[in-house]
Amino acid sequence: MKCLFVFSAALLVVYFGSCANNAKTNMQQQEQITKELTQITGLLRDSSFALDMAKNQDAVYYKAQGQPAPDFLPQNEESGVLEKSAKEEKIATNIAAFYALECAVGALMEREGGTPFEWLNKIKTKQLDPSEVLLLNRFANATWKAGQLFRGLERITRDVFVSPVFLPEAEIKKDHDQISAAADKLMETMRDVKGASKANQLQKLRSLLQSRSFALEMAQHMEAAYYTAQQLPVPAFLQPREDTLTISKSIRAEKIATNMAGFYALECGLSYMATERQKLPSAVLQSIVNDNVDAKDKKLFERFANATWKAGQPFRGLDRITRDAFIPFDQLSEKEQEKDWVQIKAAAEKLLKSLSS
């Protein structure tokens, strides 16, 4: 009996010692995750890093097309301006969460099955689990970030332009409110295909993505939902003369913004994995660079990249949403999806070097 007692006591010592070691290891892992996400936040808010990253992404794009990369900013463009439609800018500013929703729903369907309408209904009726809510919120944050540079380079220095893990609850709620509002509008518009096949629902979604009139409707709905959620009066979507008014925008800022989508996609994907799976950002980056990332994770990053790319297109011109490639991610060819991966991998290489230096 005495031997049995000693043996049991020894087992308990080993067990509790193991638990203590695991707890210590987990704490160290979490501390390292927080440290790396803090470093990434510093880079997010650094305008010189944004320029370097944009140059890198632009060069990689041309290389992937088998073309020599031109000067990133010819001398005549450094201080040049573009005349843009105030109406299209307003639409672009308010529609980002729609593109986040489309790509996030695709990720959820790939992971758990179902149709677009079924997932829209789950969002509306609050049937999502915390992991699914987190995924939606990360997509919303990624597309929001992708639009900020188009509105002005100085916007990346704002307090809320950080890794999503550092956002206060009020800001996280804004992301989720926008996703929910987009889901409400999209669900209402897709009721005529409620019982149709997944393929038919994706075809309906495709037509909505490419519709200029629906883009206006969605943007109006999203802006109204934003003000309503803040308990503020909803202003007119377009002020007098804004329908035909033009505004001057920096060519330099637009060129940087156009080439940053892959970085913001990567950053929010890393944040999702760090929060949901306790994965160290540098470890994920290394797996991307080494081409040994899990196939499902690769596809998730590609979806993030497609969402941020979509979010930038209306800022460049609303006609761009009518192009053949502006369709649900799941309808893209493997070749088109690979373009998203090229941008993710290039951003990962650049970011990993910055974290290591």
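Please read all numbers here as calculations on a predicted model, not as lab measurements.

Novice: Teacher, can you tell me more about the overall build of the chain here?
Specialist: The number of helices and strands found in the chain is 14 helices and two strands. Across the chain, the fraction of contacts at a sequence separation of at least 24, relative to all contacts at a separation of at least 6, is 80%. Carbon and sulfur atoms make up 52% of the accessible area of the chain, which amounts to about 17300 Å² in all. If you average the places of the 46 positive and of the 45 negative side-chain charges in the chain, the two averages end up 2 Å apart.

Novice: Honestly, the packing of helix α4 (residues 96–112) against helix α7 (residues 169–189) in this entry has me stumped. Any pointers?
Specialist: Two packed helices can be described by the angle between their axes and the distance between those axes. It is at 9 Å that the axes of α4 and α7 come closest, and there the two elements cross at 75 degrees. Classified by the interaxial angle, the pair formed by α4 and α7 is roughly perpendicular. Packed against α4, whose contacting residues are Ala97, Phe98, Ala100 and Leu101, the element α7 presents Gln178, Ile179, Ala182, Ala183 and Leu186 at the interface. A class-by-class count of the residues in the contact of α4 with α7 yields eight nonpolar, one polar and no charged.

Novice: Hey, could you run me through unusual backbone geometry in this one?
Specialist: Positioned with a positive phi, Lys126 is a non-glycine residue whose angle comes to about 55 degrees. Structurally, the position occupied by Lys126 is in the loop between α5 (116–124) and α6 (130–151). Residue Lys126 is classed as exposed on the basis of its relative accessible area, which comes to 73%.

Novice: Is there a simple way to think about the layout of surface pockets in this case?
Specialist: If you roll a probe as big as a water molecule over the atoms, it shows you where there is empty space left. Put simply, the largest pocket is a space of about 840 Å³. Tyr61, Thr258, Trp309, Arg316 and Arg320 are, among the 30 residues lining the largest pocket, the residues nearest its centre. Considered class by class, the residues forming the lining of the largest pocket number 13 nonpolar, seven polar and 10 charged. For the second largest pocket, the calculated volume is near 680 Å³. Lining the second largest pocket are 27 residues, with Thr93, Trp144, Gln148, Arg151 and Tyr226 positioned closest to its centre. Going through the elements one at a time, α3 (86–94), α4, α6, α7, α9 (212–229) and α13 (295–316) are the ones with two or more residues in the lining of the second largest pocket. Among the elements that take part in the lining of the second largest pocket, α6 stands out by supplying seven residues, more than any other. Along the lines of polarity and charge, the residues of the lining of the second largest pocket split into 12 nonpolar, seven polar and eight charged.

So, how was this worked out
- Residues numbered from 1 in each chain as written.
- Predicted model: local features only at pLDDT ≥ 70, side-chain atom pairs only at ≥ 80, totals over all residues.
- Heavy atoms only, no water.
- Helix = DSSP H or I, 4+ residues; strand = E, 2+ residues; numbered from the N terminus.
- Contact = heavy atoms within 4.5 Å.
- Areas by Shrake-Rupley, 256 points an atom, 1.4 Å probe, with all protein chains shown as cover.
- Lys, Arg positive; Asp, Glu negative; His and termini not counted.
- Charge placed at Lys NZ, Arg CZ, Asp CG, Glu CD.
- Axes fitted to C-alpha atoms, helices over the stretch in contact; angles between N-to-C directions.
- Parallel < 35°, antiparallel > 145°, perpendicular 65-115°, else oblique.
- Nonpolar A, V, L, I, M, F, W, Y, C, P; charged D, E, K, R; others polar.
- Buried < 20%, exposed > 50% of the residue type's maximum accessible area, 1.4 Å probe, protein only.
- 1 Å grid on protein atoms, 1.4 Å probe; cavity = no way out; pocket = protein on both sides within 12 Å on 5 of 7 lines; lining within 4 Å.
- Points joined across faces, edges and corners; volume = space filled by probe spheres on them.

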